[in-house]
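# Observations on the three-dimensional arrangement
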Amino acid sequence: MSDPFVLTVSQPIDLPSTLASGQCFRWRLASDDVWTGVIGGDMVRLWATPEGIGVASAPTPPAELAESLASYLRLDDDLPVIQARIAVDPHVRDGIEHYPGLRLLRQDPWETLAGFILSATSNIARISRTVELLATSFGEPIDLDSERRHAFPRPEALAEAGEQRLRQLGCGFRAPYLARAGAAVADGALRLDALRGAPYADVLAELTALHGVADKIADCTMLFSLDRMEAFPADRWVRRVVVDRYGLPPNITYDGVRQWARERFGADAGYANQYLFWHIRQETRAQRSGSV
DNA sequence: TAATAACCTCGCAA
DNA sequence: ATTGCGAGGTTAT
């Protein structure tokens, strides 16, 4: 590998909460606060330094990765400014105070869509496992030092793998959804790159045209990969928050939550969502391990 | 339009 | 160890 490189960062960024808060599925804590993951065709190691983020990578040398890494980490988002806008909400402020360096990521749209198709009635541990299994089965190998990881498979690869093979790899009832989504992207019926920056309603319609993709998975894909920062993915945890702590009716529709979030947080709804989501998840986990 | 069952397996707790 | 429950949803009825 080439020499490590330090990406100078003036924005707040906390690697553990950013990389482990459920928006991405390929980062592992290697050792001593060093994170290992795969971004596109590169294996990447990241660690915190006083000046910013230490980077090691292959096959692209880390110095040449700076620009795409800054994009991936959304360093173009002025987090303190965004936080100041949404911290008027007490529960969001609580999340920000616990995870002040939690940032949203700008990931690859296909990988993000595929990952969240796999997320239906699943959990982060299982999604991560399945994504890794898909990568080792159908993705290009990447070596960094003595470690080998694999790129996330191209849409063609999952389309060709087909439902039965994907079921064998543990995708369950999501297997046909994933294969068909891969086919749609591969044959050009769904042009994900063209959707970045397109109007929310248009992107939503394109994504939910896929079998196995409805509002929630579409919102995750939009927020984590397509720059639609007003998306507010309302999963069961976020719904629990808005019902229990904000008093919204328990039977409120998905679109009802969406409109509420849009009115309350506007273009920053996605960041508010992530702070609410991760805070409630960590709180719940702490309660569980403490109550045994 | 609203409610309910069914869907594949796996992770986790008891 | 083994069992039972619920998991970052979506579709079909």
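Residues numbered from 1 in each chain as written. Chains lettered and ligands numbered in written order. Predicted model: local features only at pLDDT ≥ 70, side-chain atom pairs only at ≥ 80, totals over all residues. Heavy atoms only, no water.

## Observations concerning the overall build of chain A
- Helices and strands together make up the secondary structure of chain A, namely 13 helices and seven strands.
- On C-alpha atoms alone, chain A measures out to a radius of gyration of 19 Å, which is about the 19 Å that the 2.2 N^0.38 rule sets for 292 residues.
- Taken along its principal axes, the extent of the C-alpha atoms in chain A is 50 × 45 × 45 Å.
- In chain A, which comprises 292 residues, the proportion classed as buried is 54%.
- Expressed as a percentage of contacts within chain A between residues at least 6 apart in sequence, the contacts between residues at least 24 apart total 65%.
- A total accessible area of about 13100 Å² is found for chain A, and carbon and sulfur atoms account for 50% of it.
- One way to put it: in chain A the 31 positive side-chain charges average out to a point 7 Å from where the 38 negative ones average out. (Helix = DSSP H or I, 4+ residues; strand = E, 2+ residues; numbered from the N terminus. Rg over C-alpha atoms; globule rule 2.2 N^0.38 Å. Buried < 20%, exposed > 50% of the residue type's maximum accessible area, 1.4 Å probe, protein only. Contact = heavy atoms within 4.5 Å. Areas by Shrake-Rupley, 256 points an atom, 1.4 Å probe, with all protein chains shown as cover. Lys, Arg positive; Asp, Glu negative; His and termini not counted. Charge placed at Lys NZ, Arg CZ, Asp CG, Glu CD.)

## Things to note about helix α12 (residues 254-265)
- An ideal rise of 1.5 Å per residue puts 16 Å on 12 residues; α12 measures up with 16 Å between its terminal C-alpha atoms.
- Restricting attention to buried positions, one finds in α12 the residues Tyr254, Gly256, Val257, Arg258, Trp260, Ala261 and Phe265.
- The positive-phi residue at the C-terminal boundary of α12 is Gly266, with phi of around 60°. (Expected span 1.5 Å × (residues − 1).)

## Description of the side chain of Asp89
- Its location among the elements puts Asp89 in the loop between α3 (79-86) and α4 (90-98).
- A distance of 2.9 Å separates a polar side-chain atom of Asp89 from the backbone nitrogen of His91.
- A polar contact is formed between the side chain of Asp89 and the backbone nitrogen of Val92, at a distance of 2.9 Å.
- Asp89 has contacts with Tyr246, Arg264 and Phe265, leaving out every residue within four places of it along the chain. (Polar contact = N/O pair within 3.5 Å; in protein donor to acceptor, adjacent residues only side chain to side chain.)

## A look at the nonpolar core
- Core analysis: the largest hydrophobic core is formed by 73 residues, its most contacted members being Ile86, Val92, Trp110, Leu166, Leu178, Leu207 and Phe232.
- It is helix α13 (residues 269-290) that contributes the most residues to this core, eight residues altogether.
- The residues that make up this core include at least three from each of domain 2 (109-225) and domain 3 (236-289).
- Residue contacts for Leu207: discarding those within four places in its chain leaves Leu192, Leu195, Val213, Ala218, Thr221, Met222 and Leu226. (Core = buried A, V, L, I, M, F, W, Y, C linked by side-chain atoms within 4.5 Å. Domains from an automatic or database assignment.)

## Let's talk about the pairing of strand β7 (residues 147-150)
- By the bridge criterion, four bridges tie strand β6 (residues 141-144) to β7 in an arrangement that is antiparallel. Following the sheet pairing, Leu144 is matched in β7 by Glu147.
- Hairpin remark: β6 followed by β7, antiparallel, with two residues in the connecting loop; positive phi at Asp145, about 55°. (Pairing = 2+ DSSP bridges.)

## Side note on the environment of Val131
- For Val131, the location among the structural elements is in helix α6 (residues 124-138).
- Val131 sits in the buried class, given a relative accessible area of 2%.
- When the C-alpha positions of Val131 and Thr8 are compared, they lie 31 Å apart, and in sequence the two are 123 residues distant.
- Those residues within four positions of Val131 in sequence are excluded, and the remaining contacts are Phe25, Arg26, Leu118 and Phe152.

## So, the pattern of salt bridges
- Under the counting rule described, the total for this entry stands at 20 salt bridges.
- One salt-bridge network, held together by shared partners, links Arg74, Asp76, Asp77, Arg106, Arg196 and Asp227. (Salt bridge = Lys/Arg side-chain N within 4 Å of Asp/Glu carboxyl O.)

## Focus: the protein's contact with DNA strand C
- With respect to spatial proximity, 24 residues lie near DNA strand C, and among them Gly22, Ser122, Asn123, Ala214 and Arg236 are the closest.
- Restricting attention to atoms of DNA strand C within 4 Å of the protein, one finds that 67% of them are sugar or phosphate atoms.
- Separating a phosphate oxygen of DNA strand C from a side-chain N or O atom of His211 is a distance of 3.4 Å.
- Listed by contribution, the elements that provide at least two residues to the surface near DNA strand C are α10 (215-225), α11 (236-244) and α13.
- Sort the elements by how many residues they give to the surface near DNA strand C and α10 lands first, with three residues.
- Of the residues assigned to the surface near DNA strand C, the class counts are 10 nonpolar, nine polar and five charged. (Near = heavy atom within 4 Å. Nonpolar A, V, L, I, M, F, W, Y, C, P; charged D, E, K, R; others polar.)

## So, the domain arrangement of chain A
- Domain parsing of chain A yields domain 1 (5-77), domain 2 (109-225) and domain 3 (236-289).
- Computed over C-alpha atoms only, the centres of domain 2 and domain 3 are separated by 25 Å.
- On the domain 3 side, the residues contacting the nine residues of domain 2 number seven residues.
- For the pairing of domain 2 and domain 3, the buried interface totals around 620 Å² over both sides, and the portion due to carbon and sulfur atoms is 55%.
- Where domain 2 packs against domain 3, one counts two salt bridges.
- In this structure, the salt-bridge partner of Asp219 is Arg258, at a minimum N-O distance of 3.5 Å. (Buried area = accessible area lost by both parts, 1.4 Å probe.)

## A look at the sheet that holds strand β1 (residues 5-8)
- If you trace the five strands from one edge of the open sheet to the other, you get β1-β5-β4-β3-β2, paired in antiparallel fashion. Each of the sheet's edge strands pairs with one partner strand only, and the pair in question is β1 and β2 (28-31). Averaged over all pairs of adjacent strands, the angle between their axes in this sheet comes to 35°, without regard to strand direction.
- By the bridge criterion, four bridges tie β1 to strand β5 (residues 52-58) in an arrangement that is antiparallel. By the bridge assignment for β5, Phe5 is matched with Val55. (Axes fitted to C-alpha atoms, helices over the stretch in contact; angles between N-to-C directions.)

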